[in-house]
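Descriptive analysis of the structure
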Amino acid sequence: MNEREKVLDQYSGRVFKNRKDHIIELDEAGVPQVIAANSRSIPGLMVNRGCCYAGCKGVVLGPIADAVVLTHGPIGCGFYSWGTRRNKAKPEGEGAKNYLQYCFSTDMQEPDIVFGGEKKLRQAIVEIMEIFQPKCIFICSTCPVGLIGDDIQAVARWVKSTYKIACAAFSCEGYKGVSQSAGHHIANNGLMKEIIGSGQAKNSKKFAVNLLGEYNIGGDGWETERLLKQIGYEVVSVFTGDGSFEKMKNAHTANLNLVQCHRSINYIAEMMKAKYGIDWIKVNFIGIDETIRSLRSLAIYFDDAGLKQRTEEVIADELAAIEDQRQYYRSRLTGYTAGVFVGGSRSHHYQNLLLDFGIKTVIAGYEFAHRDDYEGREVLPDIKPDADSKNIEQLSPVADEAHYHLTLSKERFAELQNEIDLETYHGMFREMADGTVTVDDFNHYETEKLIELFQPDIFYSGIKDKYMIQKSGTPSRQLHSYDYSGPYACFTGAINFARDTYMSISAPAWKYLTPPWLVSSTLEGSIGGTENA
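First, a word on what this report is: a plain description of the structure on this page. What you see is a predicted model; the values in this text were computed from it and never measured.

1. Observations regarding the overall build of the protein chain
- Helices and strands together make up the secondary structure of the protein chain, namely 21 helices and 14 strands.
- In terms of overall size, the protein chain behaves like a compact globule, its C-alpha atoms giving a radius of gyration of 24 Å where 533 residues would be expected to give roughly 24 Å.
- Seen through its C-alpha atoms, the protein chain measures out along the principal axes to roughly 75 × 60 × 45 Å.
- Out of the 533 residues in the protein chain, the part that is buried amounts to 57%.
- Put simply, of all contacts in the protein chain between residues at least 6 apart along the chain, 75% involve residues at least 24 apart.
- Computed over 57 positive and 69 negative side-chain charges, the inter-centroid distance for the protein chain is 3 Å.

2. Here we look at the sheet that holds strand S1 (residues 23-25)
- Taken together, the 6 strands give an open sheet; going across it, the order is S1-S12-S11-S10-S13-S14, and neighbouring strands pair in mixed fashion. Looking at the sheet topology across the chains shown, the edges are occupied by S1 and strand S14 (476-478). This sheet shows a mean twist of 15 degrees between the axes of neighbouring strands, independent of strand direction.
- Relative to strand S13 (residues 458-461), helix H21 (residues 490-506) is tilted by about 125 degrees, and along the sheet it contacts S13 and S14.

3. A short note on the pattern of salt bridges
- Under the definition given, this model contains 31 salt bridges.
- In this structure, Arg 49 and Asp 441 form a salt bridge, with 3.5 Å as the shortest nitrogen-oxygen distance. A residue pair is termed long-range when its members are at least 10 positions apart, and Arg 49 in the loop between S1 and helix H3 (52-61) and Asp 441 in the loop between strand S12 (437-440) and helix H19 (444-454) qualify at 392 residues.
- Look at Arg 49 and you get buried, because its relative accessible area is 7%.
- What makes Asp 441 buried here is its relative accessible area of 4%.
- Salt-bridge contacts for Lys 308 lead to Asp 303; the nearest nitrogen and oxygen are separated by 3.3 Å.
- Since its relative accessible area comes to 34%, Lys 308 is described here as partly exposed.
- Assessed through its relative accessible area of 45%, Asp 303 is described here as partly exposed.
- In the salt-bridge network here, residues are joined through shared partners; they are Lys 466, Arg 477, Asp 483, Arg 499 and Asp 500.

4. A look at the side chain of Thr 291
- Within the secondary structure, Thr 291 is located in helix H13 (residues 288-302).
- Here Thr 291 falls in the buried class, since its relative accessible area comes to 0%.
- Setting aside its immediate chain neighbours within four residues, Thr 291 contacts Leu 227, Asn 284, Phe 285, Ile 286, Cys 490 and Phe 491.

5. Observations concerning the packing of aromatic side chains
- Here the structure, examined in full by the defined rule, presents 24 aromatic pairs.
- Aromatic side chains Tyr 102 and Phe 104 sit 5.7 Å apart centroid to centroid with 40 degrees between the ring planes, which places their arrangement in the tilted category.
- Assessed through its relative accessible area of 38%, Tyr 102 is described here as partly exposed.
- Pairing Tyr 329 with Tyr 502 gives two aromatic rings, centres 6.1 Å apart and planes at 65 degrees, and the pair type is edge-to-face. Pair noted here: Tyr 329 is in helix H14 (residues 305-333) and Tyr 502 is in helix H21, with a separation of 173 residues, a long-range link.
- On the accessibility criterion, Tyr 329 (11% relative accessible area) is buried.
- Every member of this aromatic cluster is reached through a ring pair, and the members are Tyr 350, Tyr 460, Tyr 482, Tyr 488 and Phe 497.
- Looking at Lys 90, its charged tip hangs above the ring of Trp 222, at a distance of 4.5 Å from the centre.
- In this arrangement the basic side chain of Arg 122 is found over the ring face of Trp 158, its NZ or CZ atom lying 5.0 Å from the centre.

Reading the values: the criteria
Residues numbered from 1 in each chain as written. Predicted model: local features only at pLDDT ≥ 70, side-chain atom pairs only at ≥ 80, totals over all residues. Heavy atoms only, no water. Helix = DSSP H or I, 4+ residues; strand = E, 2+ residues; numbered from the N terminus. Rg over C-alpha atoms; globule rule 2.2 N^0.38 Å. Buried < 20%, exposed > 50% of the residue type's maximum accessible area, 1.4 Å probe, protein only. Contact = heavy atoms within 4.5 Å. Lys, Arg positive; Asp, Glu negative; His and termini not counted. Charge placed at Lys NZ, Arg CZ, Asp CG, Glu CD. Pairing = 2+ DSSP bridges. Axes fitted to C-alpha atoms, helices over the stretch in contact; angles between N-to-C directions. Salt bridge = Lys/Arg side-chain N within 4 Å of Asp/Glu carboxyl O. Phe/Tyr/Trp six-rings, centres within 6.5 Å; stacked < 30°, edge-to-face > 60°. Lys NZ or Arg CZ within 6 Å of the ring centre and 35° of its normal.

What follows is the structure in structure tokens.
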């Protein structure tokens, strides 16, 4: 019985039938395997997913600094998605707005559910305009709004006509789709329809790029932008960490889109290619070797001798600055093993960073991935859309004659596809070793069982499961907000990550503690109906 079978062995027949295709033990690295993904979790299993609203408001729209993101729903939904992911932002220029420190919500109560909440939504917007005077408002609906039928799209049209500002409504009720992934798609659609291309700027410089799927957690985006600008790139806009509505309006003027988190933003990359002719390239600025590969791929794409030279100079300078620390942490961490279970593309990206310091990943998985995140984009034609997928609007933009522009000829594009990751994503499987286990939509039991079987030295996870893992005696760091550390991107970030990892492994405090519930009873009581009850 292999490790996969040992995990599944404890399930009932019904649960086994559902989970067996979500757990894959890799026999040969690089050999294609099929995994079940992007399907609804079994009710009753303790999983780590978020909802559609969390993906739309909490992930994609929330980090945009100069737009008011208004949650139309109960206050708990708004609070859940506010201030949790450490999407850092700073206003640029005099008078620039930054609303990230605020939690905007209509705070729906029971009477609003019964009689409708549109009046309250309009009043909230009136107050927002009086107090903050934003140039853009995003309205995000939660589950009750979808159930009672408030027309947030009509309210958005009212805002645009009344206040002459940008306003987009996102029907991202939590129950839509199977996870936060549906919310990413809805947010991408809204930004594409209402914001991107609405600016009046002319085409940017030759080396102009958009950075997609970078949410500036712990300052990652700032570190990546620093490198790109140092080489000579113009960063037109970032989607969406430290993002700006004002800059996103002119995203269509860039010449190349850099896709960091594939899962959350690939829709925009593909739609911008169809509408504006902008190519996209899969990059990864998590990890030293991956950062180098990504920077060199960009230089190859633009095919400019000066740009290539500056790229190599910056790489050499960055490596020289971290070399001593790199060797130190590699000597301390080589031989350790890790489990990685987070969202987006991070489970894939961080395996490369761990390898930079000699750490092998033995368990990995995603919260809300699709099959192509595991197997690569070539499987897209084989994925059959289900009812949940059909529930999300599929946009089919046509070429914008005024702004459509190609950077490469079709012949050059075809040549480069054999050299760099141009409009492709290879997925996580290909870089995992034999005997490792990949699990889609981990649950509490599977996490505990796999830790028991593989005994990793450290487990990288999310907020919900971090402390359960530590209480089992395994050090854990969560990669959704970096445990108030960071940045972890690029060269300097890699050293920060190695430092935090070494600190965690070297001081596994939980191993020296005995939980009180293991040695003494923590509950006392008596049977109801007795004299002492």
